[in-house]
Amino acid sequence: MTSPLRVLSIATLFPDAARPNFGLFVERSLRALAAQPCIDLTVIAPVGLPPFPLSLHERYRALRALPHAEQWNGLTVHRPRFTLIPRYGARFNPARVARAVLSAVRGQSFDVVDAQFFYPDGPAAMRVADALGVPFSAKARGADISHFGHDPATSPQLLAAADKASGLLAVSDSMRREMAAIGIDPGKIAVHYTGIDGARFHLRDRAAARAALGMDDAPALATVGALIPRKGQALVIEALPSLPGVHYWLAGAGEEEARYRALAQRLGVSDRVHLMGPVANADLPMLYSAADIVVMPSASEGLANAWVEALACGTPIVISNAGGGAELVTAPVAGRIVDRTPQAIADAVRALLAAPPSPAEVAATLGGRFDWDRNGRELAEHLRRCAGR
């Protein structure tokens, strides 16, 4: 009988009671991995807290209360603490995460270490794997390469982890090329597409979805993601003056909320900009289905789950040429890839509103490529290869 592959997965992006939407795609991938035969999975989701007295700040209160170990949606999850230096401590995080991980699994044995984000998880996995005497893998998702792979404070550790890893994963072929561009061996990188929950993200009646959200029949744009500069919501707000009558719905929270409200007020479109705050993943299908177009002009992405989810719900996307966008927008019915300017966004929106594609045709462009069972199966196969199985 084949012995189970004992996997230690490090995931600094992972949901918890304080942040239920944080890293949902990582959780779902690991659940798909755990469902594969002969996989014994332990998840370590380290929690960063600043030193006292900063740790007493309201921002960290809920994190301090998290359990150190729990069962989370069928997964065994450990949440050891590590000291986080806000803004300036990124170069120190891998070593601190590694110490926290090793303290949480003291006395246990594993066959392979899996890093679910390339930084700080990758260099931390390198240290943990060295201490345990096992191989490791790391996965690139987006900002972990586009930011940390270019920052002089963090890139040396990231490149060292890439060099020592037994295998690497990327969320898109575009991300694979971006990794190669900073000196990572492309021969070690396999493309590992995300999955999607077909029971949740599927075609729905648009009129019913609009009624459920209290929308009228005005054309509706939507963006799903943190309210941060990189996501580009400001560009969509700036496009609204040239899109009369079009409303914009933003799902998410973040540091730019006050600025976006002020921008909408200054441009005279505040009555057409709707900041919804955080929206639970279970409620996103209703928003995707209600929207005429999902607009996400990000400065950088790997392959955004929101793109895939929107298309699965039959809603075309207008996105920037970031990450694996071209791997999704493979036909005009799927949407448009545009420059990151308000004018380009407005032009694409007008074109799609003038000739709306059939939702069924939009959903069909995914072609069955995004499936969680496939995602889990491919991850299990990859980790077995890394472990010499």
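Residues numbered from 1 in each chain as written. Predicted model: local features only at pLDDT ≥ 70, side-chain atom pairs only at ≥ 80, totals over all residues. Heavy atoms only, no water.

A few points about the pattern of salt bridges
No. 1: Scanning the model with the defined rule gives 13 salt bridges in all.
No. 2: Residues Arg177 and Asp173 are paired through a salt bridge, measuring 2.6 Å at the closest nitrogen-oxygen approach. Here Arg177 pairs with Asp173, and both are found in helix H7 (residues 173-181), just four residues apart, close to one helical turn.
No. 3: Between Arg377 and Asp373 there is a salt bridge; the shortest N-O distance is 2.8 Å. (Salt bridge = Lys/Arg side-chain N within 4 Å of Asp/Glu carboxyl O. Helix = DSSP H or I, 4+ residues; strand = E, 2+ residues; numbered from the N terminus.)

Structural notes on the environment of Gly23
No. 1: Residue position: Gly23 is located in the loop between strand E1 (5-10) and helix H1 (24-34).
No. 2: By relative accessible area, which is 6% here, Gly23 ends up buried.
No. 3: As for Gly23 and Leu49, which are separated by 26 residues in sequence, their C-alpha atoms are 18 Å apart.
No. 4: Filtering out sequence-adjacent residues up to four positions away, Gly23 remains in contact with Leu13, Phe14 and Pro15. (Buried < 20%, exposed > 50% of the residue type's maximum accessible area, 1.4 Å probe, protein only. Contact = heavy atoms within 4.5 Å.)

Focus on the nonpolar core
No. 1: Grouped together as the largest cluster of nonpolar side chains are 72 residues, with contacts concentrated most on Val113, Phe118, Leu168, Met179, Ile184 and Tyr288.
No. 2: No other element matches helix H12 (residues 305-312), which puts six residues into this core.
No. 3: Once residues within four sequence positions are removed from consideration, Leu168 is found in contact with Phe118, Ser137, Ala138, Ala162, Met179, Ile184, Lys188, Ile189, Ala190 and His382.
No. 4: The next biggest cluster of nonpolar side chains, apart from the first, holds 28 residues, and it includes Val236, Val246, Ala264 and Ala348. (Core = buried A, V, L, I, M, F, W, Y, C linked by side-chain atoms within 4.5 Å.)

Some remarks on the environment of Asp271
No. 1: Structurally, the position occupied by Asp271 is in the loop between helix H10 (257-267) and strand E13 (273-277).
No. 2: According to the relative accessible area criterion, Asp271 is exposed, its value standing at 53%.
No. 3: Along the primary structure Asp271 and Leu353 are separated by 82 residues, whereas in three dimensions their C-alpha atoms are 20 Å apart.

Thoughts on the pairing of E13
No. 1: Burial of the side chains of E13 is restricted to one face: Val273, Leu275 and Gly277 are buried, whereas none of His274 and Met276 on the reverse face is.
No. 2: In the sheet, strand E12 (residues 247-251) pairs with E13 via four bridges, with the strands oriented parallel. Across the sheet, the residue bridging to Ala251 is Gly277, located in E13.
No. 3: Of the crossover connections in this fold, the one passing from E12 over H10 to the parallel E13 is right-handed. (Pairing = 2+ DSSP bridges. Right-handed = clockwise from strand over helix to strand, strands pointing away.)

A short note on the sheet that holds strand E4 (residues 69-72)
No. 1: The mixed open sheet is built from eight strands, whose spatial order is E4-E5-E2-E1-E7-E8-E9-E10. On the outer flanks of this sheet lie E4 and strand E10 (189-191), each paired with one strand and no other. Strand-to-strand twist in this sheet, taken as the mean axis angle between neighbours without regard to direction, amounts to 25°.
No. 2: Bridge count between strand E8 (residues 136-140) and strand E9 (residues 167-170): four bridges; the pairing is parallel. From the neighbouring strand, Ser137 faces E9, where its bridge partner is Gly167.
No. 3: Contacting E1, strand E2 (39-44) and strand E5 (75-78), helix H3 (residues 93-104) runs over the sheet at an angle of about 140° to E1.
No. 4: The strands touched by helix H4 (residues 121-132) within the sheet are E1, strand E7 (112-115) and E8, with E7 carrying the most contacts at an inclination of about 170°. (Axes fitted to C-alpha atoms, helices over the stretch in contact; angles between N-to-C directions.)

Some details on the sheet that holds E13
No. 1: The parallel open sheet is built from six strands, whose spatial order is E13-E12-E11-E14-E15-E16. Each end of this open sheet is capped by a strand with a single partner; those strands are E13 and strand E16 (335-338). If you compare each strand with its neighbour and ignore which way they point, the axes differ by 20° on average.

A word on the packing of H3 against H4
No. 1: The geometry of H3 relative to H4 is characterised by a closest axis approach of 8 Å and an angle of 45° between their N-to-C directions. Between H3 and H4, the crossing angle belongs to the class labelled oblique. Considering how the two elements wind past one another, H3 and H4 form a crossing that is right-handed. Every residue of H4 that contacts H3 at Pro94, Ala95, Val97, Ala98, Val101 and Leu102 is listed here: Pro123, Ala124, Arg127, Val128, Ala131 and Leu132.
No. 2: When the residues that make up the contact of H3 with H4 are grouped by side-chain class, the tally is eleven nonpolar, no polar and one charged. (Parallel < 35°, antiparallel > 145°, perpendicular 65-115°, else oblique. Left-handed = near helix turned anticlockwise from the far one by under 90°. Nonpolar A, V, L, I, M, F, W, Y, C, P; charged D, E, K, R; others polar.)

Here we look at unusual backbone geometry
No. 1: The peptide bond linking Phe52 to Pro53 adopts the cis configuration, its omega dihedral lying at 10°.
No. 2: If you trace the backbone, Pro53 turns up in the loop between strand E3 (47-49) and helix H2 (58-64).
No. 3: Cis rather than trans, the peptide bond between Tyr119 and Pro120 has omega equal to 5°.
No. 4: Its identity is not glycine, yet Asn73 carries a phi of approximately 50°, on the positive side.

Things to note about helix H13 (residues 342-354)
No. 1: Relative to the 18 Å expected for 13 residues at 1.5 Å per residue, H13 spans 18 Å between its end C-alpha atoms, a close match to the ideal helical length.
No. 2: Listed in full, the buried residues belonging to H13 are Ala344, Ile345, Ala346, Ala348, Val349 and Leu352.
No. 3: Against the buried residues of H13 lie strand E11 (220-224), helix H9 (233-239), strand E14 (293-296), strand E15 (317-320) and E16. (Expected span 1.5 Å × (residues − 1).)

Comments concerning the packing of aromatic side chains
No. 1: For the structure on display, the rule yields three aromatic pairs.
No. 2: With a centroid separation of 4.9 Å and 25° between ring planes, the pair formed by Tyr119 and Phe148 is classed as stacked. Taken together, the residues span a long stretch of sequence, with Tyr119 in the loop between E7 and H4 and Phe148 in the loop between helix H5 (143-146) and helix H6 (155-164) at a distance of 29 residues.
No. 3: Among the residues examined, Tyr119 registers a relative accessible area of 1% and is labelled buried.
No. 4: Aromatic side chains Phe201 and Tyr288 sit 6.1 Å apart centroid to centroid with 55° between the ring planes, which places their arrangement in the tilted category. Pair noted here: Phe201 is in the loop between E10 and helix H8 (206-213) and Tyr288 is in helix H11 (residues 284-290), with a separation of 87 residues, a long-range link. (Phe/Tyr/Trp six-rings, centres within 6.5 Å; stacked < 30°, edge-to-face > 60°.)

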